[in-house]
Amino acid sequence: MLTNEIEIVLSPAGEAALTRMMAAKRENGSPSARHFAKRKRAHRPTPTERPHRPDWWDAPSKPIKFTKSLKHVRAEIDAAVVTQRALADTAKAQWLAFNGQATQEQVDAWNSKYGKIYIPNFAELQPVTIVPFPKQPAPTNLIQSSGQFVRDFVPPDYVVDRIFQRRFCYSMTAKTGGGKTAAAMRLAAHVATGRSIGSIEVERGTVIYAAGENPTDVQARWLGVTQEMGIDPDTVDVHFINGVVKISENVANIEAEVAAKNLKPTLVIVDTVAAYFEGDDDNDNVQMGNYARLLRSMTNLPGGPCVLALAHPTKRAADDDLIPKGGGAFLNEVDGNVALRRNGQVIAFEALGKFRGPSFEPVHFELVTVQHPKLRDTKGRAIPTVVARPVSDIAIVERERANERDEDALLKAIDQHPRKSRRDVGKLLGMSDSRVYRLAQKLEQQKLIRTERSGWTLTGAGERELNAMDSRGSGLNQPPLPLARFPGAN
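This one's a predicted model, so the numbers in the text were calculated from it and none came from an experiment.

Undergrad: Help me understand the overall build of the protein chain, please; the structure alone is not making it clear to me.
TA: Along the protein chain, the regular secondary structure elements total 15 helices and 15 strands. Carbon and sulfur atoms form 51% of the exposed surface of the protein chain, whose accessible area is close to 29300 Å².

Undergrad: Can you walk me through unusual backbone geometry in this structure?
TA: For residues that are not glycine, phi is negative in most cases, and the peptide bond is trans in most cases. Omega for the peptide link from D271 to T272 comes to 10°, which places this bond in the cis form. Assignment of secondary structure puts T272 in the loop between β8 (265–271) and α9 (273–276). Unusually for a residue other than glycine, R419 sits at a positive phi of about 65°. Within the secondary structure, R419 is located in the loop between α12 (393–416) and α13 (422–429).

Undergrad: Explain the environment of T193 here, please?
TA: Relative to the helices and strands, T193 is located in helix α6 (residues 180–193). Taking the C-alpha atoms as reference, T193 lies 9.6 Å from V238; in sequence the two are 45 residues apart. Non-local contacts of T193, meaning those with residues more than four positions away in its chain, are made with R204, M229 and I231.

Undergrad: Even after reading the chapter, I still don't get the side chain of K180, so can you show me in this structure?
TA: Among the structural elements, K180 can be located in helix α6. A polar contact of 3.4 Å, which involves the side chain of K180, links it to the backbone oxygen of A174. Ignoring any residue separated from it by four or fewer positions in sequence, one finds K180 in contact with M172, A174, K175, L310, A311, H312 and L340.

Undergrad: Would you mind showing me how to read the sheet that holds strand β12 (residues 363–370) here?
TA: Within a sheet, adjacent strands bond to each other through the backbone by hydrogen bonds, running parallel or antiparallel. Spatially, the 9 strands line up as an open sheet ordered β7-β6-β8-β9-β5-β10-β11-β12-β13, and their pairing is mixed. With one partner strand each, in any of the chains shown, β7 (238–242) and β13 (385–390) form the two edges of the open sheet. Here the average twist between neighbouring strands, direction ignored, is 25°. Examined bridge by bridge, strand β6 (residues 206–211) and β8 share 6 bridges and lie parallel to one another. Looking across to β8, one finds that Y209 is bridged to I269.

Undergrad: Quick question: what am I supposed to make of α13 here?
TA: Three- or four-residue spacings in an α-helix give side chains the same orientation, since the helix completes a turn every 3.6 residues. Taken residue by residue, α13 has D424, V425, G426, L428 and L429 as its buried positions. Buried positions along α13 lie against α12 and α14 (433–445). Once α13 ends, the next one or two residues include G430, with phi positive near 70°.

Undergrad: Please clarify how the confidence of the model for the protein chain should be interpreted in this entry.
TA: Regions with low pLDDT should not have their predicted coordinates read in detail. Averaged over the protein chain, the pLDDT score is 83; the fraction of residues at 70 or greater is 80%. When pLDDT is averaged over each element of the protein chain, β6 comes out on top at 98 and helix α2 (residues 31–42) at the bottom at 47. Confidence drops under pLDDT 50 across residues 1–7; counting only partners more than four residues distant or on other chains, this segment forms 11 contacts. Per-residue pLDDT stays below 50 along residues 474–490; that stretch engages in 26 contacts with residues further than four places along the chain or on separate chains.

Undergrad: What am I meant to see in α6 here?
TA: With 14 residues, α6 extends 20 Å from end C-alpha to end C-alpha; this agrees with the ideal 20 Å at 1.5 Å per step. Of all 14 residues that make up α6, 13 are buried, and the element is covered over most of its length. Backbone geometry just downstream of α6 places G194 in the positive-phi region, at approximately 75°.

Undergrad: Help me understand the state of the cysteines, please; the structure alone is not making it clear to me.
TA: Covalent bonding between the sulfur atoms of two cysteines is what defines a disulfide. In this structure the tally under the stated criterion is 0 disulfides. Between C169, a cysteine without a disulfide, and C306, which holds the nearest cysteine sulfur, the sulfur-to-sulfur distance is 7.9 Å. Relative accessible area serves as the criterion here: at 2%, C169 is assigned to the buried category. For C306, a relative accessible area of 0% puts it in the buried group.

Undergrad: Help me understand the pattern of salt bridges, please; the structure alone is not making it clear to me.
TA: Any two side chains of opposite charge can pair, so long as their charged atoms come close to each other. The full count for this structure, using the stated rule, is 20 salt bridges. Close ionic contact of K325 with D282 constitutes a salt bridge, the shortest N to O distance being 3.5 Å. One end of the pair, K325, is in the loop between β9 (306–311) and α11 (329–333); the other, D282, is in the loop between α9 and α10 (285–296), with 43 residues separating them in the sequence. Linking D335 and R296 is a salt bridge whose minimum nitrogen-to-oxygen distance equals 3.0 Å. Of this pair, D335 sits in the loop between α11 and β10 (336–343) while R296 sits in helix α10, and the two are 39 residues apart along the sequence. Relative accessible area serves as the criterion here: at 3%, D335 is assigned to the buried category. Residue R296 is classed as partly exposed on the basis of its relative accessible area, which comes to 23%. Connected through shared salt-bridge partners, D157, R166 and E203 make up one network.

Rules used in this analysis
Residues numbered from 1 in each chain as written. Predicted model: local features only at pLDDT ≥ 70, side-chain atom pairs only at ≥ 80, totals over all residues. Heavy atoms only, no water. Helix = DSSP H or I, 4+ residues; strand = E, 2+ residues; numbered from the N terminus. Areas by Shrake-Rupley, 256 points an atom, 1.4 Å probe, with all protein chains shown as cover. Contact = heavy atoms within 4.5 Å. Polar contact = N/O pair within 3.5 Å; in protein donor to acceptor, adjacent residues only side chain to side chain. Pairing = 2+ DSSP bridges. Axes fitted to C-alpha atoms, helices over the stretch in contact; angles between N-to-C directions. Buried < 20%, exposed > 50% of the residue type's maximum accessible area, 1.4 Å probe, protein only. pLDDT = per-residue confidence, 0-100. Expected span 1.5 Å × (residues − 1). Disulfide = S-S within 2.5 Å. Salt bridge = Lys/Arg side-chain N within 4 Å of Asp/Glu carboxyl O.

What follows is the structure in structure tokens.
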């Protein structure tokens, strides 16, 4: 603390000057006294920086010797104030660093060093709680040798061979209407029965399906899948969580039910990431990272299941950018992402963005419409539902060839009948409106045709492609297309 006593030593000339100034002060404010007081106050600390004390020249004092000038005294006082302020700032910073808790040894050391320092507003500082001195850490074995490190290697245990592993967490990302639920339900049925997906082996086991997004639609699709595959829905080893629940609040309940029902799941499907998200911003890295870790925690259920979370991509994502929404943190926390792309009635998934494991060829499914006796409305009318059916590689090649033939046929038809509607072109080619529309979209993406009014015309690139087809043979194993007579044509 700053003391109330300052020892000042003046020279004989200074002592005489001081005597004259004090006599002038007693004369009730002579100019010399006011001038001296004004200069003195300009160099003293403000009242908020130290406790108030009487002016040193008014205090009773014993005879003193003066050997320094007033200029030097003021400089020393200013330096002392700067030093005191620096010590006070340091003391305050160290006290705040305790963050409300300190050992008795730390408090004693602080008092010994700073206890006599004046600290402005010290009473407002947070008091600290005395805690026991931390014990010495127990011996650890954090650093391992190369042999120790590889000794506990666990070989991959695949649920779907060379794609999805046990104890791994994956995301399957597709646009809305891209076939996520259809593909996931087909995977669930294959795991529950142990049936291969084409040439891909599948391990048989229990499946838990969390139907958070439109459970009624999932019920209809599941009835369609079981009928399509000839499975009894009453006995198949697939179990459902009906609707949205807070996973964070029900982890213990899920574990208890799994144990009580003696389940050892092989596959857990979360439909969808958005439906079970508990935060308020699915673009926030922290929230989505924590959410991904929560989903990963389900791999610790008995049996060490694979967790597959169905996800939506970012807005306006292209087919080559189908990664989960979530600011990047979600993708970083999962073990892999598979992008599900749709081309007409064919869907296919393959690794995209990140995948821990060997690469694999795209897995194809065909979306087909089926019916089930239970799927009827209140008036008894049948309700169709869509399911996924595996497609072999040979079938995919044949389908691609057929698509190419149909594209060539559509290109010729547009050349012969420009600006005709897709319905008219479909009647000419014997195709549905939707089929013509999908083929035309592909031709537009290749810049072979362009939209004009209610139909299409060839672009320059389209004309060159048509000439090339004529020169090499179009590959259409059919006679030349006849000229169509549309309504109103001569």
